[in-house]
Amino acid sequence: MDLKSTHTSPVLTDPAPISKSRLGVHSSMLSCSPSGAAFSSNLLLIPRKKTGVWFDAMISSSPTHKRLTKGLSNELSTSDTDLAYRTWMLKYPSALASFEQISNFAKGKRIALFLDYDGTLSPIVDNPDCAFMSNAMRSAVRKVAKCFPTAIISGRSRDKVYEFVGLKELYYAGSHGMDIMGPVRQSVSDDHPNCIKSTDKQGKEVNLFQPASEFLPMIDEVYSSLVESIKDIKGAKVENNKFCVSVHYRNVDEQSWTVVAQCVDNVIKNYPRLRLTHGRKVLEVRPVINWDKGKAVTFLLESLGLSNCDDVLPIYVGDDRTDEDAFKVLRERNCGYGILVSSVPKETNAFYSLRDPSEVMEFLNSLVVWKKSSAL
Ligand SMILES: O=P(O)(O)OC[C@H]1O[C@H](O[C@H]2O[C@H](CO)[C@@H](O)[C@H](O)[C@H]2O)[C@H](O)[C@@H](O)[C@@H]1O
């Protein structure tokens, strides 16, 4: 892994005007370009997506849109859906059915496990505050973490995901990897000036990496504005994930999705250094920085001293678009496997698939059984 080439700061700038003093970013790290993506000495300039792009994504994922585009006479039957899934699985085989293949490849290597939270360890539910993980899943995660270094990388705030999972045996990365608590490793701290020494809840010394820390006041401000802006939309909910903000529209009447999109746009148009991404019935406001779940995986592997592909097999399990960055990193490094959790066919950079969190649990349990039997 080449961490050095990732440069000292992942802060990106946007072509639009920037309030440097508000962010507290040194002017040498900022740059503007009228012409979209471009590289300067140590930063990347990317344009923000046009509002219509993510709004289209909301609409195309709506049940009404799907029904209309399918057409009444073309309704897919259950057997058609099954066939489509089985055909898709030829390309992305089940990690359970392929367990022997995976474990054969893992022989003589150390597995490093990365797990997403929502939709992977807990089922998707209407109320984001109630996305609890089952005790059986908690026990599976605890056992697997005793066998292999394991980290959870979530879009939630690190504190929130720790509250849900409640296991000391793991490493946690919140805010889509923008808030990582990992083991102390001097070479990593040297490469990342934002990495500071801290202590965890048990008083153990840890490295705390928060590459978007200067965005904190801005994110808090945007959170308050979004809460105010959507307060009259029934079912809409804003969640403060520390270095990013989620605007949930799962419980909003489809007719009002446009209103949600408009409210979000009205707020973030004043913040050129924030960008919008789209997850599962959620719009996510994030700093424009060159950091994502894929970079978090690379960072954690380095922190754990596990960046040598010859004797390490990283496995990343996730269900959402943001997990694709991690799948892509593993694919590009030709090192390890991404496993997509999905019960419908989806384009992905993963290698394998699992249908839902219950299959994820079965997979984790299988890893534990395999590890114990191979140690005999
Ligand atoms: O990276 P993750 O751990 O998967 O977090 C991504 C987002 O997950 C949560 O929202 C999703 O799950 C909710 C509970 O099941 C569901 O109600 C919502 O519709 C989903 O989008 C979380 O609330 C977000 O803040 C995370 O960004």
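In every chain, residue numbers begin from 1 and rise along the written sequence. With the structure being a predicted model, the display of local features is reserved for residues of pLDDT at least 70 and the display and counting of side-chain atom pairs for 80 or more, all residues being used for whole-chain, interface and lining totals. Only heavy atoms go into the side-chain values, all of them from the structure, while hydrogens and water stay out.

J.: Which parts of the structure should I look at to understand the overall build of the chain?
T.: Across its full length, the chain holds 13 helices and 15 strands. To sort residues, take the accessible area from a 1.4 Å probe on protein chains only and compare it with the maximum for the residue type: under 20% means buried, over 50% means exposed, and anything in between is partly exposed. Out of the 376 residues belonging to the chain, those deemed buried represent 50%. When contacts within the chain are restricted to residue pairs at least 6 apart in sequence, long-range pairs at least 24 apart make up 63% of them. Surface exposure here means Shrake-Rupley accessible area, sampled with a 1.4 Å probe, where a residue is shielded only by the protein chains that are shown. Accessible surface, the chain as shown: approximately 17300 Å² in total, 52% of it carbon and sulfur. The numbering of helices and of strands both runs from the N terminus, where a helix is a DSSP run of H or I of at least 4 residues and a strand a run of E of at least 2. We call two residues contacting when some pair of their heavy atoms lies within 4.5 Å.

J.: Sorry, what's going on with the pattern of salt bridges here?
T.: Any two side chains of opposite charge can pair, so long as their charged atoms come close to each other. For salt bridges, the criterion is a side-chain nitrogen of Lys or Arg within 4 Å of an Asp or Glu carboxyl oxygen. All told, the structure shown has 14 salt bridges when counted by the stated rule. Where D118 meets R156, a salt bridge forms, and the shortest distance between an N and an O atom there is 2.7 Å. One end of the pair, D118, is in the loop between β3 (110-115) and α6 (135-147); the other, R156, is in the loop between β4 (150-153) and α7 (158-165), and 38 residues separate them in sequence. For K231, the salt bridge identified is with E228, shortest N-O distance 2.8 Å.

J.: I keep staring at the environment of F327 and nothing clicks. Help me out?
T.: As for its position among the elements, F327 is in helix α12 (residues 324-333). Assessed through its relative accessible area of 0%, F327 is described here as buried. Each C-alpha atom of the pair F327 and V317 lies 8.6 Å from the other, and the pair is 10 residues apart in sequence.

J.: Explain the domain arrangement of the chain here, please?
T.: Frequently, the measure chosen for interface size is the accessible area that the parts lose on association. When cut into domains, the chain gives domain 1 (79-183 + 291-374) and domain 2 (215-287). Domain start and stop positions are those given by an automatic or database domain assignment. Computed from C-alpha coordinates alone, the two centres of domain 1 and domain 2 are separated by 27 Å. Across the contact, 20 residues belong to domain 1 and 16 residues belong to domain 2. For the pair domain 1 and domain 2, the number of links is 3 salt bridges. Think of a polar contact as two N or O atoms within 3.5 Å of one another; within protein, one of them needs to be a possible hydrogen donor and the other a possible acceptor, and neighboring residues in sequence only count if both atoms come from side chains. Run the count over domain 1 and domain 2 and you get 9 residue pairs in polar contact (both at pLDDT 80 or more). For this classification, Asp, Glu, Lys and Arg are treated as charged, while Ala, Val, Leu, Ile, Met, Phe, Trp, Tyr, Cys and Pro are nonpolar and the rest, including Gly, are polar. In the side of domain 1 that touches domain 2, the residues fall into 5 nonpolar, 7 polar and 8 charged.

J.: I'm lost on the packing of aromatic side chains in this one. Help?
T.: Given two aromatic rings, their pairing is described by the distance between the two centres and the angle made by the two planes. Here is the rule: rings of Phe, Tyr and Trp (six-membered ring for Trp) pair when centre to centre is within 6.5 Å. Planes less than 30 degrees apart are stacked, more than 60 are edge-to-face, and the remainder are tilted. This model, assessed by the stated rule, comprises 14 aromatic pairs. Ring geometry for F209 versus W291: centroids 4.9 Å apart, planes at 65°, classification edge-to-face. Of this pair, F209 sits in strand β8 (residues 205-209) while W291 sits in the loop between β12 (282-287) and α11 (293-303); the two residues are 82 residues apart in sequence, bridging distant segments of the chain. Across the pair, exposure class does not vary: F209 and W291 are buried alike. Taken together through their ring pairs, the aromatic side chains of F105, Y337, F351 and Y352 make up a single cluster. By definition, being over a ring means that NZ of Lys or CZ of Arg is both within 6 Å of the ring centre and within 35 degrees of the ring normal. The side chain of R331 reaches across the aromatic face of F351, ending 4.2 Å from its centre.

J.: Please explain the site of the ligand as it appears in this structure.
T.: Any residue with a non-hydrogen atom lying within 4 Å of a molecule or strand is treated as near it. Neighbouring residues of the ligand: 21 residues in total, closest V125, E239, R250, R280 and E284. Here E239 contributes a side-chain N or O atom positioned 2.6 Å from an oxygen atom of the ligand. Taken together, the elements giving at least two residues each to the shell around the ligand come down to β10 (245-248) and β12. The residue makeup of the shell around the ligand, split by class, is 7 nonpolar, 5 polar and 9 charged. No fewer than three residues from each of domain 1 (79-183 + 291-374) and domain 2 (215-287) sit in the shell around the ligand.

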